[in-house]
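Commentary on secondary and tertiary structure
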Amino acid sequence: MLRTSISTDPADLGRLTPRWRALLARSAHAQPVMTPMWQCAWWNVFGDAERRTPWIFTVEDGEALVGMLLLTWRAATHRAGIPVRRLELLGTGEKEADEICSDYGGAIAARGREQEVAAALAATLRHAPPDPWDELRMPSMSAEDPLVPELVASLARNGIVTSIVNSGECPYIPLPRTWDAYLQALGSSRRYAVTRSLRELDKWAGPGGWELRRARTAGELTEGVRVLSELHAERWTSAGKSGVFSSERFRRFHEIVMPKLLAGADGASLDLSWLVVRGEPIAAAYNVVHGGRLQFYQSGRRVEVPKNVRPGIAMHALAIRTSIDAGLHEYDFLAGASRYKRDLALEARNLVTLRAIAPGLRARAVEAARALTERAIARLRAASL
């Protein structure tokens with residue numbers, strides 16, 4: 001029989017780290033955002049915001065850790081000031097200006113134990129939570145995670161009203177063995193866009209050519225972060241926005257995570273690179289490599305370049321080619337429906353958001369008030385059109 005425990009002590013995140021890492025190694029869906037490196041950094045930066053309390057679920061079979069779920073509890077409000085006691089995946093729920101975007105988060109289970117772990121977690125949420133709760137939100141989970149449908153079914157069996165909806169998609173490339181094979185898979189028009197971006201880069205760079213630099217040391221990391229943040233700000237300032245690096249919390253999170261990635265923490269590694277022409281950076285990309293996959297996380301580019309030079313596309317093309325040469329099996333653009341992602345990708349996977357309502361009378365009343373308010377807002381919007 002499985003034993004489920006819940007801790008609300010943040011220090012247990014550190015104490016669990018060795019067993020947590022071992023569980024991820026046995027999971028069918030391990031992701032960088034599920035690692036102690038990412039989750040502990042998030043708690044260190046965001047845990048005190050809005051008076052969050054961690055709910056650390058562990059599921060054990062004898063001495064073996066076979067499942068985990070990391071949530072946070074906080075008092076929040078729906079629109080119109082309706083109070084709600086909300087559970088969220090640890091690593092999510094930040095204010096939009098600070099948002100880390102932890103795609104592919106979720107619970108963790110040992111491979112083949114997903115049904116048992118889901119049943120144990122759902123029963124504990126129903127019968128033995130540390131505090132009363134009204135709403136559970138688990139956003140940006142992969143639709144390919146085998147634990148997700150099991151958790152939905154187990155929550156429903158425990159009388160917890162649960163819904164799951166598609167909430168976005170992540171374009172990606174199942175990397176072939178050669179660069180030429182990737183180009184052929186794109187089709188003629190998209191292939192032309194990629195090859196032209198590289199030709200135009202070569203032409204504009206001239207006899208001196210271009211250089212792709214990578215952060216491999218602490219000093220190079222400092223330089224790469226500076227280049228990335230400046231080019232990111234330039235790109236978004238030109239569109240009348242400030243960009244994510246204007247958030248102090250966002251920067252602080254990555255000041256913790258990026259050195260750990262550089263050191264190869266939790267089986268993940270940093271791929272921070274920038275493209276230089278005539279001594280000036282024109283594009284930069286921040287990627288995470290984990291489990292044979294490269295995940296594109298953030299970027300920036302120079303705005304004032306010749307119109308036919310597309311530094312962002314060229315940067316991706318070079319990264320894709322490098323990933324193929326390194327023997328990686330996937331290049332993932334993560335969430336977003338930007339045109340360049342769709343043009344460069346070969347496939348896409350869905351993201352899903354799970355939302356559940358506790359079975360108590362208060363939770364149902366809060367949900368009814370929320371739904372009534374949302375319907376009223378929708379009617380007012382329709383009337384104003």
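Here the structure is shown first, and the text comes after it.
Given the structure is predicted, the values throughout are model-derived calculations rather than measurements.

The nonpolar side chains of a soluble globular protein tend to be buried with one another. Within the largest apolar cluster, 81 residues are counted, with the highest numbers of intra-cluster contacts made by L136 and Y286. At eight residues, helix 3 (residues 36-46) tops the list of elements feeding residues into this core. The contact partners of Y286, leaving out residues within four places of it in the chain, are L228, H254, V257, M258, L261, L270, D271, L272, Q295, F296, Y297 and Q298. Within the second largest apolar cluster, 31 residues are counted, among which are A314, A319, L328 and L344.

Our focus in this paragraph is helix 6 (residues 179-186). Those residues of helix 6 that fall on the buried side of the exposure criterion are W179, Y182, L183 and L186. Projected onto a plane normal to the axis of helix 6, the buried residues spread over an arc of 100 degrees and lie on a single side. Looking at helix 6, the residues exposed on the side facing more than 90 degrees away from the buried face are D180 and Q184. Residues of helix 6 that are buried sit in contact with strand 7 (161-174), helix 7 (188-205), helix 10 (311-325) and helix 11 (339-344).

Our focus in this paragraph is the pairing of strand 2 (residues 53-61). Burial analysis of strand 2 places seven of its nine residues in the buried class, which makes it a mostly covered element. Across five bridges, strand 1 (residues 3-7) lies against strand 2 in antiparallel orientation. Directly across from I6, in strand 2, lies its bridge partner F57. Hairpin connection of strand 2 to strand 3 (residues 64-77): two residues between the antiparallel strands, including G62 at a positive phi of 70 degrees.

This next bit is on helix 7. When the terminal C-alpha atoms of helix 7 are compared, their 26 Å separation across 18 residues agrees well with the 26 Å that a helix rising 1.5 Å per residue should span. Within helix 7 the residues assigned to the buried category are V194, S197, L198, E200, L201 and A205. With its buried residues spanning 160 degrees around the axis, helix 7 presents them on a single face. Across helix 7 from its buried face, at more than 90 degrees, point the exposed residues S188, S189 and K203. Structurally, helix 7 contributes buried residues whose contacts are with helix 6, strand 8 (210-214), strand 9 (268-277), strand 10 (280-290), helix 10 and helix 11. After helix 7 finishes, the residue G206 shows a positive phi value of roughly 75 degrees.

Further remarks concern the packing of aromatic side chains. The description of an aromatic ring pair uses the distance of the two centres, along with the angle that the planes make with each other. Inspection of every chain in the model, using the stated rule, returns 11 aromatic pairs. Ring geometry for F250 against Y297: centres 6.5 Å apart, planes inclined by 10 degrees, an arrangement best described as stacked. Here F250 is found in helix 9 (residues 248-262), whereas its partner Y297 is found in strand 11 (residues 293-301), with 47 residues between them in sequence. This pair shows no difference in class: F250 is buried, exactly as Y297 is. An angle of 65 degrees between the planes, with centres 5.1 Å apart, marks the rings of Y286 and Y297 as edge-to-face. Here Y286 is found in strand 10, whereas its partner Y297 is found in strand 11, with 11 residues between them in sequence.

Attention now moves to empty space enclosed by the protein. Applying the stated criterion across every chain, the model contains four cavities of 30 Å³ or more. Each pocket or cavity is described by its volume, and for the largest cavity that value is around 120 Å³. Residue lining of the largest cavity: 16 residues in total, with V33, Q39, L89, L90 and G106 positioned closest to the centre. Counting residues per element, the lining of the largest cavity draws most heavily on strand 3, at three residues. Residues that form the lining of the largest cavity fall into these classes: 11 nonpolar, five polar and no charged. Within this model, the second largest cavity holds a volume of roughly 70 Å³.

With that settled, the discussion passes to the side chain of S273. In this fold, S273 is placed in strand 9. On the basis of relative accessibility, which here comes to 3%, the residue S273 falls in the buried class.

A few words now on the environment of A120. Mapping A120 onto the fold places it in helix 4 (residues 114-127). C-alpha separation for the pair A120 and T72, spaced 48 residues apart in sequence, amounts to 18 Å. A120 has contacts with L2, T4 and V59, leaving out every residue within four places of it along the chain.

Estimated volume of the largest pocket: approximately 1,100 Å³. Every residue lining the largest pocket is counted, 43 residues in all, and those nearest its centre are W236, Q298, S299, S338 and Y340. Listed by contribution, the elements that provide at least two residues to the lining of the largest pocket are helix 8 (218-237), strand 10, strand 11, helix 10 and helix 11. A per-element tally of the lining of the largest pocket places strand 11 first, with six residues. For the lining of the largest pocket, the residue count by class is 22 nonpolar, 12 polar and nine charged. Space inside the second largest pocket adds up to approximately 460 Å³. Considering the residues around the second largest pocket, the lining is formed by 20 residues, among which G93, E94, E99, R137 and P139 are closest to the centre. Listed by contribution, the elements that provide at least two residues to the lining of the second largest pocket are strand 3, strand 4 (83-89), strand 6 (135-142) and helix 12 (361-384).

Calculation notes
- Residues numbered from 1 in each chain as written.
- Predicted model: local features only at pLDDT ≥ 70, side-chain atom pairs only at ≥ 80, totals over all residues.
- Heavy atoms only, no water.
- Core = buried A, V, L, I, M, F, W, Y, C linked by side-chain atoms within 4.5 Å.
- Buried < 20%, exposed > 50% of the residue type's maximum accessible area, 1.4 Å probe, protein only.
- Helix = DSSP H or I, 4+ residues; strand = E, 2+ residues; numbered from the N terminus.
- Contact = heavy atoms within 4.5 Å.
- Arc of directions from axis to C-beta.
- Pairing = 2+ DSSP bridges.
- Expected span 1.5 Å × (residues − 1).
- Phe/Tyr/Trp six-rings, centres within 6.5 Å; stacked < 30°, edge-to-face > 60°.
- 1 Å grid on protein atoms, 1.4 Å probe; cavity = no way out; pocket = protein on both sides within 12 Å on 5 of 7 lines; lining within 4 Å.
- Points joined across faces, edges and corners; volume = space filled by probe spheres on them.
- Nonpolar A, V, L, I, M, F, W, Y, C, P; charged D, E, K, R; others polar.

Purely geometric numbers; function is a separate question.
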